[in-house]
Amino acid sequence: PSPLDKDQMQGLRGVREFLKVRTSYDVLPLSFRLVVLDIDLLIKKSLNILIQNGIVSAPLWDSRNSTFAGLLTSTDYINVIQYYCQFPHDLNQVDQFRLSSLRDIERAIGVLPLETVSVHPMRPLYEACRRMLKTRARRIPLVDVDDETGRETVVSVITQYRILKFIAVNNEQHTMLLKKPVRDLGLGTYKDLATSTMNNSVLDVIHLMVKHNISAVPIVDEDYRLLNVFEAVDVIPCIKGGAYDELSATVGEALSKRSDDFAGIYTCGQDDRLDSIFDTIRKSRVHRLIVVDDDGGLKGIISLSDILKYVLLYGEEEDSIRGG
Ligand code: ADP
């Protein structure tokens with residue numbers, strides 16, 4: 001192997017070792033706030049709470065049984081929208097849905113319920129990463145069980161973004177060895193990209209995300225140049241107050257309503273190296289990278305799961321991958 005390959009493998013091994021000796025608990029900041037929602041809450045109200053708190057997901061709590069009841073994410077709202085599209089005369093009912101109805105909504109529109117995986121906060125972080133990749137979950141709740149009462153407590157939720165940030169901040173000595181360009185690593189998706197234009201409706205883009213099981217759609221102009229990205233979380237302000245009829249608005253109109261603290265869109269080129277991508281993650285709130293050419297033409301998309309998958313699994317023994 002070339003010196004470049006050697007460094008790359010050494011860097012990857014370093015990061016993997018790090019993930020094995022740290023726990024999910026280590027990722028959490030010293031002090032943090034956790035918004036947990038009761039499943040008796042109206043879905044409509046949950047939207048306001050997320051918006052007011054500047055968050056896009058929350059763990060759910062079943063207070064009757066004192067148990068953790070899964071994670072509320074933008075996928076749930078997209079399911080409600082699909083329900084509304086299939087049963088447009090039920091708007092009154094949609095208005096009265098509670099978070100406890102989410103499973104019924106899934107059933108009614110025929111989507112498979114998401115597997116609710118959780119991890120114990122004191123287990124190795126590596127395990128949380130493997131579990132995320134296996135289930136395609138973008139976030140995973142940390143659930144602890146009280147020794148005495150046997151009751152569950154949701155400690156926090158960690159996301160792929162948090163984990164990659166944690167790696168970037170604490171592992172510069174390893175990530176700086178990852179000098180191979182994105183092109184050589186085949187990192188990301190470059191074929192059959194799901195894209196949209198500013199003039200498509202929000203609903204069209206939502207259907208596209210559902211069809212491809214993705215959470216972001218690049219918005220391009222007529223020359224296939226990147227203009228913006230519509231993300232699953234952009235759906236939340238669109239349906240605030242139960243305004244489902246506004247989903248027929250264009251993507252352009254919806255994106256103009258983005259909040260001021262929008263994290264921004266991050267791009268890279270195919271010749272950029274993984275170490276510089278980690279630099280970007282270290283400095284910014286990156287949720288994906290859009291790959292563009294020198295003229296801003298759309299080339300591909302690198303999701304956080306693409307990066308996590310590469311960092312964890314590249315060059316690993318087949319067996320250990322299957323053993324999950
Ligand atoms: P995201 O949450 O950003 O959609 P995922 O991790 O769910 O990312 O992405 C799953 C796979 O789909 C990744 O390999 C990613 O490269 C790919 N992907 C993401 N967005 C698109 C898109 N708009 N078109 C085609 N493929 C995509």
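Each chain has its residues counted from 1, following the order in which its sequence is written. Restriction of local features to residues with pLDDT of at least 70 applies here, the model being predicted, together with a cutoff of 80 or more for giving and counting side-chain atom pairs; totals for whole chains, interfaces and linings are based on all residues. Side-chain metrics in this entry use all non-hydrogen atoms of the structure; hydrogen atoms and water are not considered.

**Student:** So what exactly am I meant to see when it comes to the overall build of the chain here?
**Tutor:** Tallying secondary structure elements over the chain gives 16 helices and 10 strands in all. We compute the radius of gyration over the C-alpha atoms and compare it with the globule rule, which gives 2.2 Å times the number of residues raised to the power 0.38. Taking 324 residues into account, the globule formula puts the C-alpha radius of gyration at 20 Å, and the chain, at 21 Å, falls close to it. When its C-alpha atoms are laid out on the principal axes, the chain stretches across 65 × 60 × 35 Å. Scored against the burial criterion, the 324 residues of the chain give a buried share of 47%. Note on contacts: a residue pair qualifies if any of its non-hydrogen atoms lie within 4.5 Å across the two residues. The long-range share in the chain, meaning contacts at least 24 apart out of those at least 6 apart in sequence, stands at 66%. When the accessible surface of the chain is summed, it comes to about 16,600 Å², and 47% of that surface belongs to carbon and sulfur atoms. For the chain, the centre of its 39 positive side-chain charges and the centre of its 45 negative side-chain charges are spaced 3 Å apart. Numbering of helices and strands runs from the N terminus; a helix is a DSSP stretch of H or I covering at least four residues, while a strand is a stretch of E covering at least two. The cut-offs for exposure are 20% and 50% of the maximum accessible area for each residue type, with area from a 1.4 Å probe on protein chains only; residues under the lower value are buried, those over the upper are exposed, and the others partly exposed. Values of accessible area rely on a 1.4 Å probe in the Shrake-Rupley scheme; residue burial ignores everything except the protein chains shown. We score Asp and Glu as negative and Lys and Arg as positive, and we do not count His or the chain ends. One atom stands in for each charge, and that atom is NZ of Lys, CZ of Arg, CG of Asp or CD of Glu.

**Student:** How should I be thinking about helix H1 (residues 3-21) in this particular structure?
**Tutor:** One full turn of an α-helix is made of 3.6 residues, so residues set three or four places apart face in the same direction. Expected helix span is given by 1.5 Å per residue-to-residue step, counting one fewer step than there are residues. In this model, H1 (19 residues) spans 27 Å end to end at C-alpha, consistent with the 27 Å of a helix rising 1.5 Å per residue. On the buried face of H1, the contacting elements are helix H7 (125-135), helix H8 (160-170), helix H9 (172-175), helix H10 (182-185), helix H14 (274-283) and helix H15 (304-313).

**Student:** Any chance you could explain the site of the ligand here in plain terms?
**Tutor:** Throughout, near means a residue has at least one heavy atom within 4 Å of the molecule or strand. As a matter of local geometry, the ligand sits amid 15 residues, with Arg138, Thr189, Ser215, Ser305 and Asp306 nearest to it. Polar contacts here mean pairs of N or O atoms no more than 3.5 Å apart (in protein, one a potential hydrogen donor and the other a potential acceptor; neighbouring residues in sequence count only if both atoms are side-chain atoms). Taking arginine 136, its side chain carries an N or O atom lying 3.3 Å from an oxygen atom of the ligand. Computed on the free molecule, the ligand has an accessible area of 540 Å², of which 88% lies beneath the protein chains in the complex. Breaking the shell around the ligand down by element, the ones donating at least two residues are strand E6 (216-220), strand E10 (298-303) and H15. When residues are sorted by character, Ala, Val, Leu, Ile, Met, Phe, Trp, Tyr, Cys and Pro go into the nonpolar class, Asp, Glu, Lys and Arg into the charged class, and all the rest, Gly among them, into the polar class. A per-class count over the shell around the ligand returns six nonpolar, four polar and five charged.

**Student:** Sorry, what's going on with the pattern of salt bridges here?
**Tutor:** Working definition: two side chains of opposite charge can pair if their charged atoms are close together. Only one rule defines a salt bridge in this text: a Lys or Arg side-chain nitrogen within 4 Å of an Asp or Glu carboxyl oxygen. In the structure shown here, the tally under the stated rule is 18 salt bridges. Here lysine 44 makes a salt bridge to aspartate 95, at a shortest N to O gap of 3.5 Å. On the criterion of sequence distance, the pair formed by lysine 44 in helix H3 (residues 43-53) and aspartate 95 in helix H5 (residues 91-96) is long-range, its members being 51 residues apart. Its relative accessible area of 32% is what places lysine 44 among the partly exposed residues. A salt bridge links aspartate 271 to arginine 183; the nearest nitrogen and oxygen atoms lie 3.1 Å apart.

**Student:** What should I look at first to understand unusual backbone geometry in this one?
**Tutor:** Working note: non-glycine residues mostly have negative phi, and peptide bonds are mostly trans. For serine 66, which is not glycine, the phi dihedral falls at a positive 50°. Relative to the assigned elements, serine 66 resides in the loop between strand E2 (58-62) and strand E3 (67-72). The buried category is assigned to serine 66, whose relative accessible area is 17%. The backbone of tyrosine 224 shows a phi angle near 65°, a positive value even though the residue is not glycine. Secondary-structure assignment places tyrosine 224 in the loop between E6 and strand E7 (226-231).

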